[in-house]
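So you can see what is in the structure, the chains are spelled out below.
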Amino acid sequence: MEVLKEFLEEHDLPRRAQACYQCGSCAGGCPVGRLRWDFNPRRFIEMILRGQLEEIVKDRTVWLCAYCLTCLEHCPQKIEVSEIMVQLKNAAARMGCAPESEAKKGGLIMGQGWTDVPAKRALKKREELGLPNLDPGIDPAELADLSRTLGWPAKMDLFQNGGRSGPETGPGENKME
Amino acid sequence: MSENESYPLYTGCLIRSRLPHLEKSARMVFDRLGVKLSELTGATCCPEGVGFRGLDEEVWLTLAARNLSLADQSSRPMLTLCSGCYSTFRECEHILAENKSLREKVARNLENINRQYSPGPGVEHFARFLYEKVGAPALTELVSRPLRGLKTAFHQGCHFLRPSHLIDFDDPDHPTKLEELIRALGAETIDYPRKMLCCGLTIAGVDPDLSLRMGFEKMKLMKDCGAQAVVLICPACMLQFDLNQRRMEQVFGRELSLPVFYLTELIGLAMGESADSLGLALHRTDVRPLLDSLWNTESAAEPPGGK
């Protein structure tokens, strides 16, 4: 939990949440909370204020935040609730609690540049519609450099296994070749 | 808009890989308006600002800043066709302007791959461009086949207006501006409850059932209020409402049959483009019965099929 505590302090979360008086406007407008009683942005702010770090990471519902920004617009105290939710996801990911779907998406973006590559059928449709040829996007060599610069392989291991694959891929190492 | 300068087009992952017809309609409409688009090379995913940003914000920011650095400093703003990409780029610009420590980290990351970000011409959403640079009266002038009698439910989506303190375009809870563009085509825009609800697509990977239900709840409200079609401005919302509509009907046992149009598709139709030339056959929810009934009730002076 030391890593997590440092993370929250580094991102100044306790101070950023401080003005919350738990009115619940964020929860009232939340489109996910409408359908899922166990997802409540107000409660995440409360957990930060109470220092309930373990609960935050263990609570997988943090990943249900659709980042629609309704809470951000409605907070009477101008707390950036949605931004805090992003930081909580970052904290959870760092502790090895990222959903498989999102870790996979990360692997695709850092491995091929895009979340999805066009199927043959889509390319054929482009041609039929008279659209210009697709630019392939980032050069694979540059993407590989970028991935190394960002310490991505170690991060992926962290997101998927909490860094348990091996000591050489510990948290926070931005390894350069 | 007499200048020759062009706008670099950023289409994003979903249009590239799955929705080429949205790009087709956008290029068609911009061409008819005399707006030149240029091709952006060497880009990546914007990157996606919900799950991917949730993994690691610094990585997300670095990729976004790199994409912004690809456009020529002296060019027009990059034009995006996706509200998610728009949001990522606008937030990236804001964070890099306000947060010194992240700005320095991102600068170092980019330096390692011989790139550099500095605030440039930025980014523009196609729908905002249409409202601000073209305007409803100019659109009406180009309409050759008004969509009279068509009752549309407009879905604004989350990332076009919010955060309102950054984007500052329209009221984030009760927006009205883009509906003017739809009415400029002769169509009607209906009111329905909870109009600003999220489509739910961003959490499709994390909880597919919940995501589908969010989409269904919103479509049900539109349908109950008399909508004949949905109009939207984001390819992610398009996937949810068009591609997933059949599954919503199966899972929740209720017929929707609501054709979904991307804003430039609707504009293209009103300008007289045919459904075929716009690639509307690629829609999963058939648009033809609606278009047939719309054109057939019109006077004989406006034959179906377009030019």
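Since this is a predicted model, take the numbers as computed values, not measurements.

Draft legend 1. Geometry of the overall build of chain A. Broken down by element type, chain A carries 11 helices and 0 strands. Counting from the amino terminus, helix and strand elements in chain A follow one another as α-α-α-α-α-α-α-α-α-α-α. For chain A, buried positions account for 42% of its 177 residues. In chain A, the share of contacts with a sequence separation of at least 24, taken over all contacts with a separation of at least 6, comes to 68%.

Draft legend 2. Up close: the domain arrangement of chain B. Residue and element names in this part refer to chain B. Under the domain assignment, chain B is made up of domain 1 (7-126) and domain 2 (135-296). A C-alpha centroid distance of 24 Å is found between domain 1 and domain 2. Secondary-structure elements contributing two or more residues to the side of domain 1 that touches domain 2 are helix 1 (13-17), helix 2 (20-32) and helix 5 (83-98). Among the elements that line the side of domain 1 that touches domain 2, the one with the most residues is helix 2, at 9 residues. When the residues that make up the side of domain 1 that touches domain 2 are grouped by side-chain class, the tally is 12 nonpolar, 9 polar and 4 charged.

Draft legend 3. Here's a closer look at the nonpolar core. The biggest cluster of nonpolar side chains holds 144 residues, and the ones touching the most others in it are B:Val230, B:Leu232 and B:Met238. Considering each element in turn, this core owes the most residues, 8 residues, to helix 7 (residues 81-94) of chain A. B:Val230 has contacts with B:Ala153, B:His155, B:Met222, B:Phe241, B:Leu258 and B:Val260, leaving out every residue within four places of it along the chain.

Draft legend 4. Quick look at the sheet that holds strand 6 (residues 188-189) of chain B. Residues and elements named next belong to chain B. If you walk across this open sheet you meet the 4 strands as 6-5-7-8, and the pairing is parallel. One side of each edge strand has no neighbouring strand; the edge strands of this open sheet are strand 6 and strand 8 (260-262). Where strand 7 (residues 229-232) lies against strand 8, 3 bridges are found, and the strand directions are parallel. Bridging across to strand 8, Val231 finds its partner in Phe261.

Draft legend 5. The arrangement of the interface of chain A and chain B in detail. Every contact between the two is made by 48 residues of chain A and, on the other side, 50 residues of chain B. Of all the secondary-structure elements, those providing two or more residues to the side of chain A that touches chain B are helix 6 (70-74), helix 7, helix 8 (100-112), helix 9 (120-128), helix 10 (140-149) and helix 11 (152-161) of chain A. Class assignment for the residues of the side of chain A that touches chain B results in 28 nonpolar, 7 polar and 13 charged.

Draft legend 6. Representation of the domain arrangement of chain A. What the domain assignment lists for chain A is domain 1 (2-94) and domain 2 (100-169). Computed over C-alpha atoms, the centres of domain 1 of chain A and domain 2 of chain A are 28 Å apart.

Draft legend 7. The arrangement of unusual backbone geometry in detail. Each neighbour pair has its own omega, and for B:Cys46 with B:Pro47 the value is 0°, a cis peptide bond. Topologically, B:Pro47 is positioned in the loop between strand 2 (37-39) and helix 3 (51-55). Cis geometry marks the peptide bond from B:Arg162 to B:Pro163; its omega dihedral reads -5°. In this structure, B:Pro163 sits in the loop between strand 5 (151-155) and helix 9 (164-167). The residue A:Leu69 is not glycine, and still its phi comes out positive at about 75°. Within the fold, A:Leu69 resides in the loop between helix 5 (53-58) and helix 6. With a phi close to 55°, A:Lys78 is a non-glycine residue in the positive phi region. Among the structural elements, A:Lys78 can be located in the loop between helix 6 and helix 7. A:Lys78 sits in the exposed class, given 9 other C-beta atoms within 10 Å.

Draft legend 8. Broad picture of helix 7 (residues 126-134) of chain B. Residue and element names in this part refer to chain B. Looking at helix 7, one finds that the buried residues are Phe126, Ala127, Arg128, Leu130 and Val134. On its buried side, helix 7 packs onto helix 2, strand 3 (78-80), strand 4 (123-125), helix 8 (136-142), helix 10 (177-183) and helix 14 (263-270). Where helix 7 ends, the next residue or the one after it, Gly135, has phi of about 90°, a positive value.

Draft legend 9. Quick peek at the sheet that holds strand 3 of chain B. Residues and elements named next belong to chain B. Within the open sheet, the 4 strands sit side by side as 2-1-3-4. Their pairing is parallel. A single partner strand is all that each edge strand has here, and the edge strands are strand 2 and strand 4. Strand after strand, the sheet turns through a mean of 40° between neighbouring axes, direction not considered. Against the sheet, helix 5 contacts strand 1 (7-10), strand 3 and strand 4, and its axis sits at roughly 150° relative to strand 4.

The rules behind the values
Residues numbered from 1 in each chain as written. Chains lettered and ligands numbered in written order. Predicted model: local features only at pLDDT ≥ 70, side-chain atom pairs only at ≥ 80, totals over all residues. Helix = DSSP H or I, 4+ residues; strand = E, 2+ residues; numbered from the N terminus. Buried ≥ 20, exposed ≤ 12 C-beta atoms within 10 Å, placed from the backbone. Contact = placed C-beta atoms within 7 Å. Domains from an automatic or database assignment. Nonpolar A, V, L, I, M, F, W, Y, C, P; charged D, E, K, R; others polar. Core = buried A, V, L, I, M, F, W, Y, C linked by C-beta atoms within 7 Å. Pairing = 2+ DSSP bridges. Axes fitted to C-alpha atoms, helices over the stretch in contact; angles between N-to-C directions.

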